[in-house]
Each structure stands twice: as C-alpha cells, then as structure tokens.
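Analysis of the macromolecular model
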Amino acid sequence: VDPADQQEVPDLELLAATAAGGSTAFETLYARYERRVYNYVCTFVRQPALAEEVVIDTMMAVWNGARGFTQTSRVSTWILGIARHKALDAVRKTKTHLDAAPLDQAAEIADTAEAALDSIDRNCQAQLMLRAIARLSPDHQEILRLAFYEELPYEDIAALLSIPDNTVKTRVFYAKQQLRGHLAKIGAEPVS
Amino acid sequence: MTAPDETPSSGHSQAASLIWYVTGALSVSERRDIERHLESCAECRSELQSLIALHGDMRNAYDAEAGPSARARLTVLERIKSASATDVGRTGALPRGRTPPLPESLPRNAGLFGRLVEWLRAPLVPRWAPVAALMLIVIQAAVLVRVIPERVNTGGEVTTRGLAPAPTRLRAVFNSQATESQIRELLSSLGARIVDGPASGGAYVIELAPGDPKYLGEKIHAARARSDILQSIDVAPP
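So, how was this worked out
Residues numbered from 1 in each chain as written. Chains lettered and ligands numbered in written order. Predicted model: local features only at pLDDT ≥ 70, side-chain atom pairs only at ≥ 80, totals over all residues. Heavy atoms only, no water. Helix = DSSP H or I, 4+ residues; strand = E, 2+ residues; numbered from the N terminus. Buried < 20%, exposed > 50% of the residue type's maximum accessible area, 1.4 Å probe, protein only. Contact = heavy atoms within 4.5 Å. Areas by Shrake-Rupley, 256 points an atom, 1.4 Å probe, with all protein chains shown as cover. Pairing = 2+ DSSP bridges. Axes fitted to C-alpha atoms, helices over the stretch in contact; angles between N-to-C directions. Salt bridge = Lys/Arg side-chain N within 4 Å of Asp/Glu carboxyl O. Phe/Tyr/Trp six-rings, centres within 6.5 Å; stacked < 30°, edge-to-face > 60°. Lys NZ or Arg CZ within 6 Å of the ring centre and 35° of its normal. Parallel < 35°, antiparallel > 145°, perpendicular 65-115°, else oblique. Left-handed = near helix turned anticlockwise from the far one by under 90°. Nonpolar A, V, L, I, M, F, W, Y, C, P; charged D, E, K, R; others polar.

1. Description of the overall build of chain A
Tallying secondary structure elements over chain A gives nine helices and zero strands in all. Across the 192 residues that make up chain A, the buried fraction comes to 57%. When contacts within chain A are restricted to residue pairs at least 6 apart in sequence, those whose partners lie at least 24 apart make up 66%. Total accessible area on chain A stands at roughly 7,700 Å², and carbon and sulfur atoms take up 49% of it.

Right under this line is the structure:
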C-alpha cells in the first residue's frame, strides 16, 4: 500500500494496521504526526536536536505500543501524551527547559525562538502569529496548540495535562488574552 | 503571580467553551446550550466571530512551522525495519474493539534486496496459520466421528464402532461321564466354544461370545447346575 493512498485513512485504522505490523501504515502515521509532535515538543525543549530525539522516541513508542492503545482517547491525544511525557523526561535529564513563567511576566519572555524568526518577512501574517505565540509562557503555548490546532476536546486536554476541566477553560481564556496583546504589540493585524 | 485558574468573573460561562464550539469538539448537549445562549448574547456572538478568525490565523501559523530534519524520519524507519526483522509474532490478534489491519504490501521503493528479504521472511509470517488451523480442526473432527462411540437407537442399547470388548474366558472341567453331545449342547446354550485344553486336571478354556456382563453370572450359575456335565466352571485367570 502506497502511503499516498492512505492519506484519508483515519488515525485509528492506521494505528490498528501499525499494531498488526504494517510498516506502510506506520509511515503514513509518522508523516501525519512528525511535524505536529516536533513543534509540540518544542514547547518544552529548547534544543532542536533534543526535540528531534524526543520525536524519534515518541514515534518508536507509538510503533511498539500500538497494540496497547485502548481507545479511551483520540489517537492524537495518545500520541501527544507520549510526546509530552518524553519531552518532560528529556527536560529533566538535560535541565535545558523553558521554565513556566508567571503569567504577568509572559510578555517579557525573551524567547530564542523569536530571534530565529527575525529574518522572516514581517508582512507574513503566519510568521507574526508564530512570533506572538513564541512570547507566551510554555503553559499558554501548549494549551493554545492543543485547543486551536490539535482541536482536542477540553476533557482530553484536562486528562493530558492532569488538570481540571475548568482550569483548561480558564487557561485558554487567559492565553488567548495574552496572545491578543502580543499580536497588537508586534503589529499584526488586530484579531478583534 | 500564578496562573489564574479560576473562571473569569466577567463574561458568560458559555464564552469559556466557545473555542471548542468553533473546533467542533463539544458534545451535542453542550453545543445546543451554546447555540441557545448565542441567540440572546451579542457579546458572545462577537467573541465567536473573533475566535473563528483567530482559529484560522493560528492554524495557518502552525501549518507554517517547520518539522524536524529528515534524520528523525530515517532513524525511526530504520529502527522499525530492524525491529520488524526480529518480530515475526507482531501480526497477532488485535486488542478488543480494534479495526482490522489495512492490507499491506511491499513498499514500492523497497529495492531488490529488500524484496528478497521480504520474500524469504514470508514463510515465517503465519498468514497461512488460520487456514492450517481450520484444516486441522476438520481432520480432528473426522477422526473423532470415526472413533468416538456413536449412539445408535437399538432399543436403548448402546453399541460402539470402536474396539470390540474382550470375550469372557472360563475354565471348565467336564464330568468324565458327560457325552460329547451333552457338552456340545451346554456350550451351545452358553454361546461358548472351547479355545484351549485340556490342561492339567482336564481343564478346558472356553470362551463366551461378547455380551452384557450382567448376564455372565447367570450363565455360570446355570452351567454349574449341570453337574451331570460339569465338575466345575470358573472365570479363567487372565
């Protein structure tokens, strides 16, 4: 089966095929999650090389643990949960992590990711958005990614982060407020 | 200042769930609740429009993010290839509730060596196992039908197609005055025949045709009553 033929196959079927030893299905699953896992991991891990190692460890864990997936959550929640665990583990081992900053200091974070974006065309709305997101605290970056991009239900996010449902909602609320503030500061088009 | 995890004092409770309304990640009842609220709340309708725009912009931004280098992909694929080579049992049963696996074939870019390895591995992968198991079951069933006692409706008696029961052997000493015709008559009434003898003491071994064991005692008792023909009759030692 050509991976290109499996683009529309649901995650769950790809994971089931992976559990049965389907390396082609796994390749499709890998291609689907590689970038998402990497950028999610970068929320916690500063070094790109270390983030790549976490991606490798995560996807190997998916390959080895596919048969143990119990369908109590979405496949994406499961994979991101593995990635989160491995990222935090890597952070603990290397001590090179983004400390969770107090929310009132979030705007002051001098993120190295922002420096990497300096050469990018400021007219590009997407890059400005990324610049604004990079100014957020890791907690806020994480929760906005999970809610807005991964589109996980708040219950899944709560389970993933081990926090109550209401905390998920309020954290999203404040992260969104912070993001709008940063967007206004860096001159991106105002989002209401 | 720590993260304010309390519900915002200003705003409606439904406003806190609007992003999941936008992404379609709410239950039906939650969705209906928000829609009812939106009908009467201009502030939340405005916030909804804002969130839809923000959601689109953020998705575009996240989509523009770079991924890891090709090294990560190559490393993972190399590792699973070597893991697969030593893990032929991975094709076992799926966990409960799992969807069946997709059909898998050789990668188109596997290369000649890779295809050769896959071909050599094929006999080790038990794809034929279900068929073999089914055939074994059929053969076992056929053997059991042949061997296991079959119930036949013959007036309540059970007969078997298995091994015949061993005949009963008796040790008999005939009376010296008994005539040959008397002996034949007795043997005929018992359904017996002489199979050995005479041994020391003039004993013969007679063999009774197979029958219900419960009648054996009666036959021996009846034979002993014929003292004019028999001196003694007992079950022969095996």
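2. Digging into the sheet that holds strand E2 (residues 192-196) of chain B
Residue and element names in this part refer to chain B. Strand order in the open sheet formed by four strands is E2-E3-E1-E4, with antiparallel pairing between adjacent strands. Edge positions in the sheet fall to E2 and strand E4 (230-235), since each has one partner strand and no second. Averaged over all pairs of adjacent strands, the angle between strand axes in this sheet comes to 35°, irrespective of strand direction. The pairing of E2 with strand E3 (residues 203-208) spans four bridges and is classified as antiparallel. By the bridge assignment, Ile 194 is partnered in E3 with Ile 206. Helix H8 (residues 216-224) contacts strand E1 (168-174), E3 and E4 of the sheet and is inclined by roughly 165° relative to E4.

3. What about the pattern of salt bridges?
What the rule picks out here adds up to 20 salt bridges over all chains. A salt bridge links B:Arg184 to B:Glu180; the shortest N-O distance between them is 2.9 Å. Note that B:Arg184 and B:Glu180 are positioned in helix H7 (residues 180-190) at a spacing of four residues, about one turn of the helix. The partner of B:Asp234 in a salt bridge is B:Arg224, with the nearest N and O atoms 2.7 Å apart. Of this pair, B:Asp234 sits in strand E4 while B:Arg224 sits in helix H8, and the two are ten residues apart along the sequence. Under the relative-accessibility criterion, B:Asp234 is labelled partly exposed at 36%. We classify B:Arg224 as partly exposed; its relative accessible area is 48%. Within the structure, one salt-bridge network assembled from shared partners comprises A:Glu52, A:Glu53 and B:Arg71.

4. Thoughts on the packing of aromatic side chains
The description of two aromatic rings rests on the distance between their centres and on the angle between their planes. Overall, the coordinates contain eight aromatic pairs over all chains when judged by the stated rule. Between A:Phe69 and A:Trp78, the aromatic rings sit 5.1 Å apart at their centres with planes inclined by 55°, giving tilted as the arrangement. Ring-pair connections join several aromatic residues into one group, and the members of that group are A:Phe26, A:Tyr30 and A:Trp63. Lying over the aromatic face of A:Tyr154, A:Lys169 brings its terminal NZ or CZ to 4.2 Å of the ring centre. Across the ring face of B:Tyr21, the terminal group of B:Arg31 is positioned such that the distance to the ring centre comes to 4.3 Å.

5. Quick look at the packing of helix H1 (residues 11-19) of chain A against helix H2 (residues 23-41) of chain A
All names here are of chain A. Closest axis-to-axis distance for the H1/H2 pair is 8 Å, and the angle between their directions is 135°. Judged by the inter-axis angle, H1 sits oblique to H2. Between H1 and H2 lies a crossing of left-handed hand. Only Ala 25, Phe 26, Thr 28, Leu 29, Arg 32 and Tyr 33 of H2 make contact with H1, whose side of the interface consists of Asp 11, Leu 14, Leu 15, Ala 17 and Thr 18. Grouping the constituent residues of the contact of H1 with H2 by class yields seven nonpolar, two polar and two charged.

6. Side note on the packing of helix H4 (residues 75-94) of chain A against helix H8 (residues 154-161) of chain A
Residues and elements named next belong to chain A. Packing of H4 against H8 leaves a shortest axis separation of 10 Å and a crossing angle of 25°. Viewed along their axes, H4 and H8 adopt a mutual orientation that is roughly parallel. Considering the relative orientation of H4 and H8, their crossing is right-handed. Contacts from Thr 77, Leu 80, Gly 81 and Arg 84 of H4 reach H8 at Asp 156, Leu 160 and Leu 161.

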